[in-house]
Amino acid sequence: MSGDPFFLLGAARTASLFCGAKIHPDCLHIGADGSVRVSLSATAESWFHTLSQLGEVLHLTRNSVAVLGTIRAIPELIDWSNSALPRDAARLLTPNLGQYASLWAVRETSPAGPVYGLEAGDVSGRRFQKVVLTARSRRELFEQFVIRHQSPLAETEHWISPNHHASQHRCQAISQRLAYLRLQQQEGATTIHALSSAGLPQLLAAAAAARVPVRTTHYNHALNCAAVWLPEPPTLADRESDGVTFFHGANVGLHVLTATPEMWLWQRHCRCCDRENWTIEIGGPDDQIGLAITVGDERLESKWRALVAATLLRSPA
């Protein structure tokens with residue numbers, strides 16, 4: 001079984017009923033391992049509105065660098081002015097509709113018994129988003145959504161073409177970011193610094209000790225998701241034998257999947273106000289940006305810069 005928390009839950013062993021709802025055989029998919037999945041077809045508006053109405057859920061997003069998990073109500077997307085890249089008021093959730101390719105309802109087993117949720121897959125066939133119901137979730141709304149939107153897989157449609165210009169621009173920005181940072185450093189930029197990823201636990205531990213919240217943005221071609229949280233100091237129990245570390249705080253968890261990610265510091269100056277903001281950017285084995293970490297409260301920017309300098313640069317801010 002994978003150590004990736006996105007896939008930690010085992011498979012259910014029966015599929016006569018799915019969450020008490022009758023499912024048409026053409027929509028029901030049972031894997032060789034006994035996994036139970038129901039293919040769905042819904043509009044983007046219906047999908048994201050339902051997610052926001054489910055109440056408290058475990059929301060997981062995955063890329064090659066990390067899995068970001070939050071236990072909270074998923075924010076409502078209110079800005080649809082960009083047809084490919086809608087977003088919520090706080091910009092914590094920004095999907096790329098051109099990269100969504102499949103929607104699923106899932107039933108899995110856990111030590112506590114069967115669990116239910118929703119998943120999304122991208123145009124490459126990878127699962128990148130999972131929503132798991134908790135005891136506080138609206139189970140009846142979930143059941144109604146599955147019954148109403150169950151659909152044979154062959155009849156599901158993409159929301160927007162992957163060739164949509166805004167969708168492509170988002171993907172290019174994620175894919176080209178590391179190459180841009182490397183080039184800037186090679187050309188002598190003084191605001192770009194290559195860092196050792198071994199310092200990440202120390203940075204988050206320092207933020208925890210100083211009570212400085214961080215904003216973590218998790219990048220994926222199909223979904224950018226962010227969380228503002230106060231890390232707790234990592235313990236030995238949070239570090240696995242292969243060096244992978246789990247960071248957590250309150251209702252947020254960050255499971256770094258690669259022991260040696262590529263890490264950079266970008267000392268950005270805002271063009272409109274000339275304020276300086278320091279961002280930690282982390283890339284993975286697929287050579288794409290996976291995470292960005294900034295201060296969670298802009299009023300604490302100077303304190304954040306001091307923490308970064310002390311733990312990663314070993315020099316005064």
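Structural data are supplied above this passage.
Within each chain, residues carry numbers counting from 1 in the order of the written sequence. pLDDT decides what is reported in this predicted model: residues at 70 or higher carry local features, side-chain atom pairs at 80 or more are listed and counted, and totals for whole chains, interfaces and linings draw on all residues regardless. To obtain the side-chain values, all non-hydrogen atoms of the structure were used and water was disregarded.

## As for the overall build of the chain
Then comes step 1: A run of H or I in DSSP counts as a helix once it spans at least four residues, and a run of E counts as a strand once it spans at least two, with each numbered from the N terminus. Regarding its fold elements, the chain presents five helices and 19 strands.
Then comes step 2: Burial analysis of the chain (317 residues in total) assigns 51% to the buried set.
Then comes step 3: Residues are treated as being in contact if the distance between any of their heavy atoms lies within 4.5 Å. Across the chain, every contact between residues at least 6 apart in sequence was considered, and the portion connecting residues at least 24 apart equals 61%.
Then comes step 4: Each accessible area value is a Shrake-Rupley result obtained with a 1.4 Å probe; residue values ignore everything except the protein chains displayed when judging cover. Accessible surface computed for the chain: about 14800 Å², of which carbon and sulfur atoms make up 52%. Relative accessibility under 20% of the residue-type maximum defines a buried residue, over 50% an exposed one, and the middle range a partly exposed one, all with a 1.4 Å probe and only protein chains included.

## Side note on the pattern of salt bridges
Then comes step 1: Definition used for salt bridges: Asp or Glu carboxyl oxygen within 4 Å of a side-chain nitrogen of Lys or Arg. A full pass over the atoms with the stated rule returns 14 salt bridges.
Then comes step 2: Note that lysine 130 is salt-bridged to glutamate 108, the shortest N-O span being 3.3 Å. Taken together, the residues lysine 130 in strand β11 (residues 127-133) and glutamate 108 in strand β9 (residues 100-110) connect sequence positions 22 residues apart.
Then comes step 3: Glutamate 281 is the partner of arginine 177 in a salt bridge, and the nearest nitrogen-oxygen pair spans 2.7 Å.

## Observations concerning the pairing of strand β4 (residues 56-62)
Then comes step 1: The sheet contact formed by β4 and strand β5 (residues 66-73) spans seven bridges and is antiparallel. The residue bridging leucine 58 from the neighbouring strand is isoleucine 71, located in β5.
Then comes step 2: At least two DSSP bridges between two strands are required for those strands to pair. Counting the residues that bridge the hairpin from β4 to β5 gives three residues.
Then comes step 3: Two elements, β4 and β11, share five bridges in a ladder whose sense is antiparallel. Bridge pairing links histidine 59 to valine 131 in β11.

## Overview of the nonpolar core
Then comes step 1: Residues belong to one nonpolar core when they are buried, are Ala, Val, Leu, Ile, Met, Phe, Trp, Tyr or Cys, and are joined through side-chain atoms within 4.5 Å. Core analysis: the biggest nonpolar cluster contains 35 residues, and Leu40, Trp47, Leu54, Tyr100 and Leu118 have the highest contact counts within it.
Then comes step 2: In this structure leucine 118 touches Leu40, Trp47, Leu51, Leu54, Trp104, Ala105, Val106, Gln129, Lys130, Val131, Phe142 and Phe145, once residues within four positions along its chain are discounted.
Then comes step 3: Listed in part, the 31 residues of the second largest apolar core include Leu68, Ala207, Trp278 and Leu312.

## Considering the sheet that holds strand β13 (residues 214-218)
Then comes step 1: Strand order in the open sheet formed by seven strands is β8-β14-β13-β19-β18-β17-β12, and the pairing between neighbours is antiparallel. Of all strands in the sheet, those with a lone pairing partner are β8 (93-95) and β12 (192-195), marking the two edges. In this sheet, adjacent strand axes meet at a mean angle of 20° when their direction is disregarded.
Then comes step 2: When β12 meets strand β17 (residues 262-269), the two strands line up antiparallel, connected through four bridges. Looking across to β17, one finds that histidine 193 is bridged to leucine 265.
Then comes step 3: Axis geometry follows a simple rule: fit a line to the C-alpha atoms, using only the stretch in contact for helices, then measure angles between N-to-C directions, giving values from 0 to 180 degrees. Those strands touched by helix α3 (residues 165-186) are β8, β12, β14 (223-229), β17, β18 (276-283) and β19 (289-295), and its axis lies near 85° from that of β17.

## Points about the side chain of aspartate 122
Then comes step 1: Note that aspartate 122 resides in strand β10 (residues 113-122).
Then comes step 2: With residues near it in sequence (within four places) discarded, aspartate 122 still touches Gln99, Ala101, Phe128 and Ala222.

## Concerning the packing of helix α1 (residues 44-53) against helix α2 (residues 139-149)
Then comes step 1: One way to put it is that α1 packs onto α2 with a least axis distance of 10 Å and a crossing angle of 165°. Compared by their axis directions, α1 and α2 come out roughly antiparallel. With respect to the hand of their crossing, α1 and α2 are arranged in left-handed fashion. For the pair α1 and α2, the contacting residues are Ser46, Trp47, Thr50 and Gln53 in the first and Leu141, Phe145 and His149 in the second.
Then comes step 2: Only Asp, Glu, Lys and Arg are considered charged, only Ala, Val, Leu, Ile, Met, Phe, Trp, Tyr, Cys and Pro nonpolar, and every remaining residue, Gly among them, polar. Considering only residue class, the contact of α1 with α2 consists of three nonpolar, four polar and no charged. Oblique is the label for any angle not under 35 degrees, not over 145, and not in the 65 to 115 range, which are roughly parallel, roughly antiparallel and roughly perpendicular in turn. The crossing is said to be left-handed when, going from far helix to near helix, the turn is anticlockwise and less than a right angle, and right-handed when the turn is clockwise.

## Quick notes on helix α5 (residues 301-313)
Then comes step 1: Here α5 has its buried residues at Glu301, Trp304, Arg305, Leu307, Val308, Ala309, Thr311 and Leu312.
Then comes step 2: On its buried face, α5 is in contact with β12, α4 (200-210), β13, β17, β18 and β19.

## Digging into the packing of aromatic side chains
Then comes step 1: Put simply, two rings from Phe, Tyr or Trp (the six-membered ring, in Trp's case) pair if the centres are within 6.5 Å, and we call them stacked under 30 degrees between planes, edge-to-face over 60, tilted for the rest. Inspection of every chain in the model, using the stated rule, returns six aromatic pairs.
Then comes step 2: Geometrically, the ring pair formed by phenylalanine 48 and tyrosine 100 is edge-to-face, given 5.6 Å between the ring centres and 75° between the ring planes. Of this pair, phenylalanine 48 sits in helix α1 while tyrosine 100 sits in strand β9; the two residues are 52 residues apart in sequence, bridging distant segments of the chain.
Then comes step 3: On the accessibility criterion, tyrosine 100 (3% relative accessible area) is buried.
Then comes step 4: An aromatic cluster of at least three residues, connected via ring pairs, comprises Phe48, Tyr100, Phe128 and Trp159.
Then comes step 5: One cation-aromatic arrangement involves arginine 37 over tryptophan 104; the distance from NZ or CZ to the ring centre is 4.4 Å. Only Lys NZ and Arg CZ are tested; either one counts as a charge over a ring when it is within 6 Å of the ring centre and within 35 degrees of the ring normal.

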